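# Residue-level structure breakdown
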Amino acid sequence: KGMALPQRILFPPEKICMDWQQRQRPGAGLLNLGNTCYINVILQCLTYTPPLANYLLSHEHSQSCQQQGFCMMCIMEVHIRKVLHSSASAILPGAVLRDLKFIGEEFEYGRQENAYEFLRCALSAMQRACLSGSSNTDISSQETTIVHQIFGGFMRSRVTCLNCQAVTDSYKAFLDVSLDIRAASSLTTVLEDCVTPRELDLKECFKCRKCEKKVAASKRITIHQAPRVLTLCLERADQWTGKKISKFVDYPEYLDLRPYMSDTAGEPLLCSLYAIVVHSGDTCLEGHFFCYTKASNGLWYKMDDESVDSCDTHTVLGQQAYLLFYAR
C-alpha cells in the first residue's frame, strides 16, 4: 500500500533457499596481503550467508552472465566455491584484490580501509552485476534482484500532523541499517529508540496537505518490509569527535523484528545471528578486523585472516561487535 509496484520481478523470491543445501566443515581462511583484513571479514561473512551461497554454488548466475570484463557476482561465485571446496587451509582472494578499484574507487590497495564501507560497495557492485543487460528498468523492479531479495528491506517514514492527525507515508529501500550506539547499552534499546516517534521542530517545517499550512508534526520510522538477511552496523566512530566508541553493546542470538515493524501485530519475526565483524584497535583509522561466522554445520568459528578456529556461542555474544548479520 502506497509503494510503487515493480513492473517485473528480476529474481523470484520463492527461488531463495534460506537453509544450507550442502552441510560441511568450514572452508579456508583468507591470506592477508597487508591491510586487507577489512576485505577478508566481509568476504567471509558473505560466504557464510546461506541464501547467497546456495544461489552462487548453483552456477545460475555465471551460466547466464553476459557481462564483459568485471562482474562482482561472477567473482563472488568463484570465490565462495574456492573457499568452501578448497583443501588448502588458506587461500588468496586474488580476483577481489585485483579488481578493488571496480568495487569501490575510493579503495586503495595496501591502505587500511573500513569493513562497513567495503560491504556497502561489494553489495552495490553485486547489484550492478545483476542489473547488467536490464536497461530501462524502473526503480521498483531494480529492487527485485537477488541482492535485494536477500539483503533488501523497506523503511516507512510516517509523518503525523499534530493539528489534524493526517498522516503522510514515504518508503525507502535499504540493504543495511546503521545505528547510533552512543546512548545505548543493548541492540534492542537502540532499535526501540529508532522506532520511537519524534516531534519535528518548526525549522523542519512540515506542510500538512489537509491543514494547508506549516504545522507541528511527529515522525516515526519503522521497518515496513523486513529483509531476509538483516545487516546492522553499530556505529563506532563518534560523529562529533571522530573517536572510537569502545563499549560493549549487548546483542541477542535471536532477534524478533516484530516490535520494530510498521505492523506490530502478528507472529514474531525471528532472525538468527550468523555472523559478526569485530574491530580491534584504539582508533577507527587503524587496527584490525576479524569475524565470527556460523558454518553450514551449525557451529561457530572465529575467522581471523588465514586462521579458522572453532568457538562457542558465548564467546560470539561477548564481543564488541561492529557489524551484525541476522538471517530470517
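Residues numbered from 1 in each chain as written. Predicted model: local features only at pLDDT ≥ 70, side-chain atom pairs only at ≥ 80, totals over all residues. Heavy atoms only, no water.

### Here we look at the packing of aromatic side chains
A full pass over the atoms with the stated rule returns 10 aromatic pairs. Both rings, one in Phe290 and one in Tyr292, keep their centres 6.0 Å apart while their planes meet at 70 degrees; by these two values the pair is edge-to-face. Per residue, the accessibility class of Phe290 equals that of Tyr292, and both read buried. Clustering of aromatic rings is evident, with ring pairs tying together Tyr38, Phe107 and Phe118. Geometry around Phe290 places Lys302 over its ring, the cationic atom sitting 4.6 Å from the centre. (Phe/Tyr/Trp six-rings, centres within 6.5 Å; stacked < 30°, edge-to-face > 60°. Buried < 20%, exposed > 50% of the residue type's maximum accessible area, 1.4 Å probe, protein only. Lys NZ or Arg CZ within 6 Å of the ring centre and 35° of its normal.)

### Digging into the sheet that holds strand 4 (residues 167-174)
Each strand in a sheet pairs with another by means of backbone hydrogen bonds, the pair being arranged parallel or else antiparallel. Within the open sheet, the 4 strands sit side by side as 4-3-9-6. Their pairing is antiparallel. Each having just a single partner strand, strand 4 and strand 6 (198-200) make up the two edges of the open sheet. Sheet twist, expressed as the mean angle between neighbouring strand axes with direction ignored, is 30 degrees. As paired strands, strand 6 and strand 9 (residues 217-225) are joined by 3 bridges and run antiparallel to one another. If you follow Leu200 over to strand 9, its bridge partner there is Ala217. (Pairing = 2+ DSSP bridges. Helix = DSSP H or I, 4+ residues; strand = E, 2+ residues; numbered from the N terminus. Axes fitted to C-alpha atoms, helices over the stretch in contact; angles between N-to-C directions.)

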